[in-house]
Amino acid sequence: MFVCKDFPWQLYVGKDYSVNNSLRAELDSSLNKQLDFIRIPLVHPRYSQHHNVKRIQPMTRSDSCLSSQQWNNCIQGKCTSEIDPDHANPEIRAKWENVMMNEIRWGTHLGVNAIILTCPKGQNDNFARILNQYLEKGFYYQKILIQVSNASWEDWNSLRLKCGPSTALGVSLVIDSSLSPWEMQRWFGEPIHTIYLPRGVFINNKDGYPILPKDLQVFVQSLFKLKSNVVIGPCRDPEQIRGYVCYLFKNQPPLSQLQNFSFEFWDVSQIPLQPLMHNLESATYEIFEKDPVKYNLYEEAIYLALKDNPQFSIIMVVGAGRGPIVKAALRASKRASRKTLVYALDKNPNAIVTLYNLLSKKYIGTEWIHENVKVIESDMRYWNPEEKADIIVSELLGSFGDNELEPECLECAKRLLKDTGISIPSKSINYIAPLSTQKNWTNAVTNHNSADTPYVCMPANAFIPVKSVKCFEFEYPSTNTNYNRFYKHSFSIEKPFTVHGFVGYFESILYGNVIMSIKPETHSEDMQSWFPMYFPIKQPIYCYGGNVDIAVWRCSSSEKVWYEWEVVFVKEGQMRANSGIHNTNGKSYWIGKT
Ligand SMILES: C[S@@+](CC[C@H](N)C(=O)[O-])C[C@H]1O[C@@H](n2cnc3c(N)ncnc32)[C@H](O)[C@@H]1O
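In this text, all values refer to a predicted model and were calculated from it rather than measured experimentally.

Attention now moves to a nonpolar patch on the surface. On the surface, Met1, Val3 and Tyr12 cluster together to form a nonpolar patch covering roughly 290 Å² of accessible area. You can see tyrosine 12 is positioned in the segment before strand S1 (13–16).

Structure follows, in structure tokens:
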């Protein structure tokens, strides 16, 4: 295992053996060369090829030559690469079916870390059917890896579209060709478990050491971020190649602060919070409060608003939580040399306890005293204050902007504002873009069992082929009281890829040029408070060059708000595939108004 302190995950490097004579000796020798595991044929090639021969000898070595721990930690097992259960000749087809089933069964019995199957070219229906039977039965910890050349995405794509969702299914990607940027990027949406480096892909540098061509170096370094391990093809110099791979790992582009912070949440789907319907817990507030960027943006926005409006003195923080934006308002007032009164309002009675406790504390050189802050326990929609505010400050944003009911809450809160008053934020906009992400889609439909729910998720193992576009927009205070929305956009994507749904972001204009954003192009630097929102579809859709139309509806009733969505593939003006409308009537995901 190779560890580098700059990256919070480890690199495992193994070696592929085309044949192996003494398993134990080869494993020992590889471990001595600092390799972590080896990849071996599950069955001797001679046996597979003469499968019709009546079995008078065991089909392969005994499982007791290694302990089950060694099988699991140190061995990947290859099935016979010629397996062809789609052969036109029924007899040969039946023979290969048998071989495939025997070998998968044997690999499962051994408990090897991964069972490797070569990706079929062309016909693959029967192959997919057999594979699916095993995937359906489920694997506890083992992986089934499809070994495929990086130039053969179409073969892998055709196979996985026939297989049901399974977290056990992954790719062993053979790096053997130079690809266009699009073809390389497209692989980032696939569950690449292993990067396979054949010896032949290496070139010698001027000192005679094996290195990868520049474009493949960059590609492999990007694939490390999928936490993939590496298998070196059969060769005589595995130590040297391992050394080079570790060098590449160590010298991959550094993680941003946001990547570092979010690392443990990469590709983990979470159900969105509902701060209006539920009372948030202490630990949740604590996580919010760890992000200084968000509160600095609020401080700057309030400060500029005070500077521009010398008459402003009453600030209402609606949805104050445990008080971080109240503190930002006090800091802004001090910077603007303005005496302000800050109302700290929340409907969560537990947050109110913290707010009252804060009243007795000193705070950054300013006395935190009753004259500066008033705590109010109320729902902002129903509170009737004695005086009105110059500024209403709120942070009611979810990953998709309006999914924590910012529009509905601020609609009611606008009566708290003086006619000359303003809202921070003044506008929130959400954005959408199509997304390819086998891993997050599989998580949604297997772990969560629903493609009718959007998930908060940091999509790392994902490919977003085009820039996002503006979807819904809400202004505060608003003049329009209807917050139902419909938006449809046709994304032109000429190169083939598979869509698994779409991703949502938001941008919120706090005041003037102070923008808080999780949209990649304008992301507030190092801000960690929100991950994007992933809207899955029930079945991935192969889009072979044309348009991907995404439609999103924001719907409401007296009790709830929900989204419905649809993804359609259109080519030459004709609909070729359609996801169907998701989450009809908010049957799976809705946001409660009470
Ligand atoms: C996303 S949290 C933000 C908390 C705090 N401002 C922060 O940044 O840590 C939203 C807060 O708004 C409160 N909230 C949501 N809807 C509300 C409403 N209608 N009236 C009053 N408080 C509300 C929640 O209880 C929660 O404390």
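With the rule as written, the count across this model stands at 30 aromatic pairs. The interplanar angle of 75 degrees and the centroid separation of 5.7 Å between the aromatic rings of tyrosine 140 and tyrosine 141 together place this pair among those described as edge-to-face. Judged by centre distance (6.4 Å) and plane angle (25 degrees), the ring pair of tyrosine 244 and tyrosine 247 falls under stacked. Of this pair, tyrosine 244 and tyrosine 247 both sit in helix H9 (residues 238–250), three residues apart, which is roughly one turn of the helix. On the basis of relative accessible area, tyrosine 244 is assigned to the buried category, the value being 9%. Among the aromatic residues, those joined into a cluster by ring pairs are Phe2, Phe7, Trp9, Phe224, Phe249, Phe263 and Trp266. Taking NZ or CZ as reference, lysine 15 lies 4.1 Å from the ring centre of tyrosine 17, over its face. Positioned above the aromatic ring of tyrosine 431, the side-chain terminus of lysine 519 is 4.5 Å from the ring centre.

Taking the UniProt record as the reference, the feature "site: Critical for specifying symmetric addition of methyl groups" (unreviewed entry) is found at Phe288. Here phenylalanine 288 shows up in helix H11 (residues 282–289). Not counting residues up to four positions away in its chain, the partners in contact with phenylalanine 288 are Leu273, Leu280, Lys294, Tyr295 and Ser529.

So, on to the pairing of strand S24 (residues 533–543). Extensive coverage of S24 is indicated by the burial of eight of its 11 residues. Sheet topology places strand S19 (residues 455–456) next to S24; two bridges connect them, and they run antiparallel. What sits directly across from tyrosine 455, in S24, is tyrosine 534. Where strand S22 (residues 497–511) meets S24, seven bridges bridge the pair, whose relative direction is antiparallel. The residue of S24 that forms the bridge with valine 499 is isoleucine 541.

Turning our attention to the sheet that holds strand S6 (residues 169–174). One closed barrel holds the eight strands; their spatial order is S1-S2-S3-S4-S5-S6-S7-S10, and the pairing between them is parallel. Averaged over all pairs of adjacent strands, the angle between strand axes in this sheet comes to 25 degrees, irrespective of strand direction. Of the pairings in the sheet, the one linking S1 to strand S2 (residues 37–41) comprises three bridges and is parallel in character. Bridge assignment links glycine 14 to a residue of S2, and that residue is phenylalanine 37. Packing against the sheet, helix H4 (residues 90–110) makes contact with strand S3 (75–78), strand S4 (114–118) and strand S5 (143–149), and its axis sits at approximately 160 degrees to S4. Along the sheet, helix H5 (residues 125–137) makes contact with S4, S5 and S6, crossing S5 at roughly 150 degrees.

The next point concerns the domain arrangement of the protein chain. Per the domain assignment, the segments of the protein chain are domain 1 (13–254), domain 2 (282–395) and domain 3 (427–592). Look at where the C-alpha atoms of domain 2 and domain 3 centre, and you get two points 32 Å apart. Domain 2 puts 14 residues into the contact, and the matching count from domain 3 is 12 residues. Contact between domain 2 and domain 3 buries roughly 980 Å² in total, counting both sides, with carbon and sulfur atoms accounting for 70%.

Before going further, it helps to examine the state of the cysteines. Under the criterion given, the structure shown has zero disulfides. Cysteine 119 supplies the cysteine sulfur nearest to cysteine 79, a cysteine that is in no disulfide, at a spacing of 13 Å. Among the cysteines around cysteine 235, which has no disulfide bond, cysteine 246 carries the closest sulfur, lying 14 Å off. You can call cysteine 235 buried: its relative accessible area is 14%.

What follows is about the site of the ligand. The ligand sits among 24 residues. The nearest are Tyr285, Tyr295, Asp346, Asp379 and Met380. Lysine 347 is positioned such that a nitrogen or oxygen atom in its backbone is 3.3 Å from a nitrogen atom of the ligand. Here a nitrogen atom of the ligand and a side-chain polar atom of aspartate 379 are 2.9 Å apart. Isolated, the ligand exposes 590 Å² of accessible area, and the fraction of that covered by the protein chains is 99%. Of all the secondary structure elements, the ones that give two or more residues to the shell around the ligand are H11, helix H12 (292–308), helix H13 (324–335) and strand S12 (341–346). Classifying every residue of the shell around the ligand by side-chain character gives 13 nonpolar, four polar and seven charged.

So, about the sheet that holds S12. What the five strands build is an open sheet, ordered S15-S12-S11-S16-S17; its pairing is parallel. The sheet is open, and its two edges are formed by strand S15 (373–377) and strand S17 (417–424), each paired on a single side. Sheet twist, expressed as the average angle between the axes of neighbouring strands with direction ignored, equals 20 degrees. Where strand S11 (residues 314–318) lies against S12, five bridges are found, and the strand directions are parallel. Considered in S12, the bridge of valine 317 is made with alanine 344. Packing of H12 onto the sheet brings it into contact with S11, strand S16 (389–394) and S17, and relative to S16 it is tilted by some 165 degrees.

What follows covers unusual backbone geometry. Note the cis peptide between isoleucine 424 and proline 425, where omega equals 5 degrees. Counting through the fold element by element, proline 425 comes out in the loop between S17 and strand S18 (427–434). In this chain, tyrosine 476 is followed by proline 477 through a cis amide linkage whose omega measures -10 degrees. Along the polypeptide, proline 477 turns up in the loop between strand S20 (469–475) and strand S21 (485–493). Non-glycine residue aspartate 267 carries a positive phi angle of around 60 degrees. For aspartate 267, the location among the structural elements is in the loop between helix H10 (257–262) and H11. For aspartate 267, a relative accessible area of 7% puts it in the buried group. Here serine 337, not a glycine, exhibits a phi torsion of approximately 50 degrees, which is positive. Examined against the element boundaries, serine 337 turns out to sit in the loop between H13 and S12.

Cut-offs and rules
Residues numbered from 1 in each chain as written. Predicted model: local features only at pLDDT ≥ 70, side-chain atom pairs only at ≥ 80, totals over all residues. Heavy atoms only, no water. Patch = residues over 30% accessible without salt bridge, like charges linked within 9 Å, V, L, I, M, F, W, Y side chains within 5 Å. Areas by Shrake-Rupley, 256 points an atom, 1.4 Å probe, with all protein chains shown as cover. Salt bridge = Lys/Arg side-chain N within 4 Å of Asp/Glu carboxyl O. Helix = DSSP H or I, 4+ residues; strand = E, 2+ residues; numbered from the N terminus. Phe/Tyr/Trp six-rings, centres within 6.5 Å; stacked < 30°, edge-to-face > 60°. Buried < 20%, exposed > 50% of the residue type's maximum accessible area, 1.4 Å probe, protein only. Lys NZ or Arg CZ within 6 Å of the ring centre and 35° of its normal. UniProt positions renumbered as here; feature names shortened; annotations may be inferred. Contact = heavy atoms within 4.5 Å. Pairing = 2+ DSSP bridges. Axes fitted to C-alpha atoms, helices over the stretch in contact; angles between N-to-C directions. Domains from an automatic or database assignment. Buried area = accessible area lost by both parts, 1.4 Å probe. Disulfide = S-S within 2.5 Å. Near = heavy atom within 4 Å. Polar contact = N/O pair within 3.5 Å; in protein donor to acceptor, adjacent residues only side chain to side chain. Nonpolar A, V, L, I, M, F, W, Y, C, P; charged D, E, K, R; others polar.

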